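# Summary of structural features
Chain by chain, the residues:
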Amino acid sequence: MYKKVLATVLAAMVTFGSFAASDTQAATREEISQIKISRSANFKYWEKNSAIKAELVNYIKDITNKRSQNFIPVEDRIAVFDMDGTFLCETAPYYLDHMLFLERALHDENYTANASDRAFAQDLENWLRDKSSADNLGSSAPHQSSVFAGMTFPEYADYVNNFIKTPVQGLSNLRWGEAFYLPMVEVIKYLQANDFKVYVVTGSERELVRLLVCDLLDLPENQIIGTDIAVLASDQGDKDGLDYTFTADDYIVRGQFVIKNLKMNKVSAIVREIGKQPVLAFGNSSGDAAMLNYTAHNNRHKSMSFMILCDDLNRELGNSYKAESAKQLAERSGWHTISMRDDWKTIYGENVQRTN
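This report concerns the structure included in the present document. For clarity, every value in this text was computed on a predicted model and none was experimentally measured.

### Some points on the overall build of the protein
Along its length, the protein carries 13 helices and seven strands. In terms of C-alpha radius of gyration, the protein reaches 21 Å, essentially the compact-globule figure of 21 Å for 356 residues. The 356 residues of the protein split such that 54% are buried. The contacts of the protein with a sequence gap of at least 6 include a subset with a gap of at least 24, amounting to 74%. Entry remark: accessible area of the protein is about 16,100 Å², with carbon and sulfur atoms responsible for 47%. In the protein, the 38 positive side-chain charges and the 47 negative ones have mean positions that sit 8 Å from each other.

### Brief notes about the sheet that holds strand E3 (residues 224-233)
What the seven strands build is an open sheet, ordered E4-E3-E2-E1-E5-E6-E7; its pairing is mixed. Two strands lie at the open edges of the sheet, namely strand E4 (252-259) and strand E7 (336-339), each paired on one side alone. Neighbouring strand axes in the sheet, compared pairwise and without regard to direction, differ in orientation by 30 degrees on average. Summarising the sheet, strand E5 (residues 280-283) and strand E6 (residues 304-309) pair through four bridges and their orientation is parallel. Counted as the bridge partner of Phe 282 is Phe 306 from E6. Along the sheet face, helix H10 (residues 264-273) touches strand E1 (78-81), strand E2 (197-205), E3 and E4 and points at about 135 degrees away from the line of E2.

### Looking at the nonpolar core
Within the largest apolar cluster, 105 residues are counted, with the highest numbers of intra-cluster contacts made by Phe 81, Phe 87, Met 184, Leu 191, Val 213, Leu 280 and Phe 282. In terms of residue count, the dominant contributor to this core is helix H9 (residues 206-217) (eight residues). Those residues within four positions of Met 184 in sequence are excluded, and the remaining contacts are Trp 46, Phe 81, Thr 86, Phe 87, Phe 282, Ile 308, Ile 338 and Trp 344.

### Regarding the side chain of His 98
Mapped onto the elements of the fold, His 98 is located in helix H4 (residues 96-107). Judged by relative accessible area, His 98 falls into the buried class, the value being 11%. Of note is the side chain of His 98, whose polar atom sits 3.5 Å from the side chain of Gln 144. When sequence neighbours within four positions are dropped, the list of residues in contact with His 98 reads Leu 124, Ser 140 and Gln 144.

### What to know about helix H8 (residues 182-193)
A rise of 1.5 Å per residue sets the reference length of H8, with its twelve residues, at 16 Å; its end C-alpha atoms lie 16 Å apart and thus fit the reference within 8%. Here H8 lies mainly inside the structure; ten of its twelve residues are buried. All buried positions along H8 are accounted for by Leu 182, Pro 183, Met 184, Val 185, Glu 186, Val 187, Ile 188, Lys 189, Tyr 190 and Leu 191. Just beyond H8, the residue with positive phi is Asp 195, at close to 65 degrees.

### Focus: H4
Note that an α-helix has 3.6 residues per turn; residues three or four places apart therefore point the same way. Taking 1.5 Å of rise per residue, twelve residues should cover 16 Å, and H4 covers 15 Å from first to last C-alpha, within 8% of that figure. With twelve of twelve residues buried, H4 lies mostly within the body of the structure. Taken together, the buried positions of H4 are occupied by Leu 96, Asp 97, His 98, Met 99, Leu 100, Phe 101, Leu 102, Glu 103, Arg 104, Ala 105, Leu 106 and His 107.

### A closer look at the packing of aromatic side chains
The full count for this structure, using the stated rule, is 13 aromatic pairs. Taken together, a centroid distance of 5.2 Å and an interplanar angle of 80 degrees make the contact between Phe 148 and Tyr 156 edge-to-face. Of the two residues examined, Phe 148 and Tyr 156, each falls in the buried class. Seen from their ring centres, Phe 282 and Phe 306 are 4.7 Å apart, and the 5 degrees between their planes marks the pair as stacked.

### Comments concerning the packing of H4 against helix H5 (residues 115-129)
A pair of packed helices is characterised by two quantities: the angle between their axes and the separation of those axes. Packing of H4 against H5 leaves a shortest axis separation of 9 Å and a crossing angle of 125 degrees. In this view, H4 runs oblique relative to H5, as classed from their interaxial angle. Considering only the axes of H4 and H5, their crossing is left-handed. On H5, the residues touching His 98, Phe 101, Leu 102, Ala 105, Leu 106 and His 107 of H4 are Asp 117, Arg 118, Phe 120, Ala 121, Gln 122, Leu 124, Glu 125 and Leu 128. Class assignment of the residues belonging to the contact of H4 with H5 gives a composition of eight nonpolar, three polar and three charged.

Here is what the cut-offs are and how they apply
Throughout, residues of each chain are indexed from 1 in the direction in which the sequence is written. Only residues with pLDDT of at least 70 get local features here, since the model is predicted, and only at 80 or more are side-chain atom pairs given and counted; chain-wide, interface and lining totals rely on the full set of residues. To get the side-chain values, take all heavy atoms of the structure and skip hydrogens and water. Only DSSP runs of H or I covering at least 4 residues are called helices, and only runs of E covering at least 2 are called strands; the numbering of each starts at the N terminus. Both definitions apply: the radius of gyration is a C-alpha atom measure, and the globule rule equals 2.2 Å times residues to the power 0.38. Buried residues are those whose accessible area, probed at 1.4 Å on protein chains only, stays under 20% of the maximum for their type, while exposed residues exceed 50% and partly exposed ones sit between those limits. When checking whether two residues touch, look at their non-hydrogen atoms; a contact exists if any pair is within 4.5 Å. Shrake-Rupley sampling with a 1.4 Å probe provides the accessible areas, and residues are treated as covered by the protein chains on show and by no other component. Under the counting rule used here, the positive set is Lys and Arg, the negative set is Asp and Glu, and His together with the chain ends is not counted. Here the site of a charge means NZ on Lys, CZ on Arg, CG on Asp, or CD on Glu. In this analysis, strands are considered paired if DSSP registers two or more bridges between them. Axes here refer to lines fitted to C-alpha atoms; in helices the fit is confined to the stretch in contact. Angles between the N-to-C directions go from 0 to 180 degrees. Note on terminology: a nonpolar core comprises buried Ala, Val, Leu, Ile, Met, Phe, Trp, Tyr and Cys residues joined through side-chain atoms within 4.5 Å. Definition of a polar contact: a pair of N or O atoms within 3.5 Å, with one able to donate and the other able to accept a hydrogen when the atoms are protein atoms, and with sequence-neighbouring residues admitted only if both atoms are side-chain atoms. Expected span of a helix: the number of residues minus one, times 1.5 Å. Pairing of aromatic rings covers Phe, Tyr and the six-membered ring of Trp, with a centre-to-centre limit of 6.5 Å; geometry is then stacked below 30 degrees between planes, edge-to-face above 60, and tilted otherwise. Note that the term roughly parallel is reserved for angles under 35 degrees, roughly antiparallel for angles over 145, roughly perpendicular for angles of 65 to 115, and oblique for everything else. Helix crossings are classified by the rotation of the near helix relative to the far one: an anticlockwise turn of less than a right angle makes the crossing left-handed, while a clockwise turn makes it right-handed. Just so you know the grouping, Ala, Val, Leu, Ile, Met, Phe, Trp, Tyr, Cys and Pro go in nonpolar, Asp, Glu, Lys and Arg go in charged, and all remaining residues, Gly too, go in polar.

What follows is the structure, given as structure tokens:
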């Protein structure tokens, strides 16, 4: 399955200007941002008989009922969501941040990557083309940061906003900026309607995620927690932050990789940046396990953790092996599961279909 998708995308990978969007697109970013779910749970994109949807709704009714022994005060209604594979496509053909990196390192005619970054990008692209090759490439995060180091934040924003207008591969009528799971957007909107503070806690780089989701999901920038880079003054050079003072002539630029926000690092970041234990958590892989366990267990409030299963092979570029592994992990860990195939009436909208 991946080989067919990747043969198309990798053969066609060129600069931004050569991408042509289809005349018939999925829901626009503006339309996604206008999705409204009331406190009474008027879900549109979920199957009406979804048992897990009903369980979530019953949970919300319980913990928002002041007469219930499980009532949770508004200030403690914290929900955390992974992003890639949880509410954003990660399989067309790969994670958004990786595809952005490959574009910058290999296919941007206005930029020349250093030898190390370019070599890593080429190995990654080769691995994507042929999954039978060695996959022990190591972490891509330092390279992803390196190719954008020195950019100002507005320059980076322009680059990202340009890239997310490009189509994904393997799904029709869908661009990266609209590649959101509509049922999960409804969940986020539903929680917000019930006075939850929603945080995105992701392995993708923080500023990329801010640009992608803050306006779309009505989230302030400080509710995005992700992989971090160094933030530097333009004239700082190699000086440590304790040895440099920002001046009137300085401006902010992007630096190198600092920390990858996966596994236990997600829990550490939640404790450090939120300061409260979440009562709801949503993820899709073992990289989210620590966050899901932290939410589900030893919680003074009634809590739930959810694992999204990538088990839809018709409307999404799913993976049966990964879905079954995630299901087994959830069962062992005491989490709940959400099936893309069985629980969702649609994923991206009816205009989006598999093309391979």
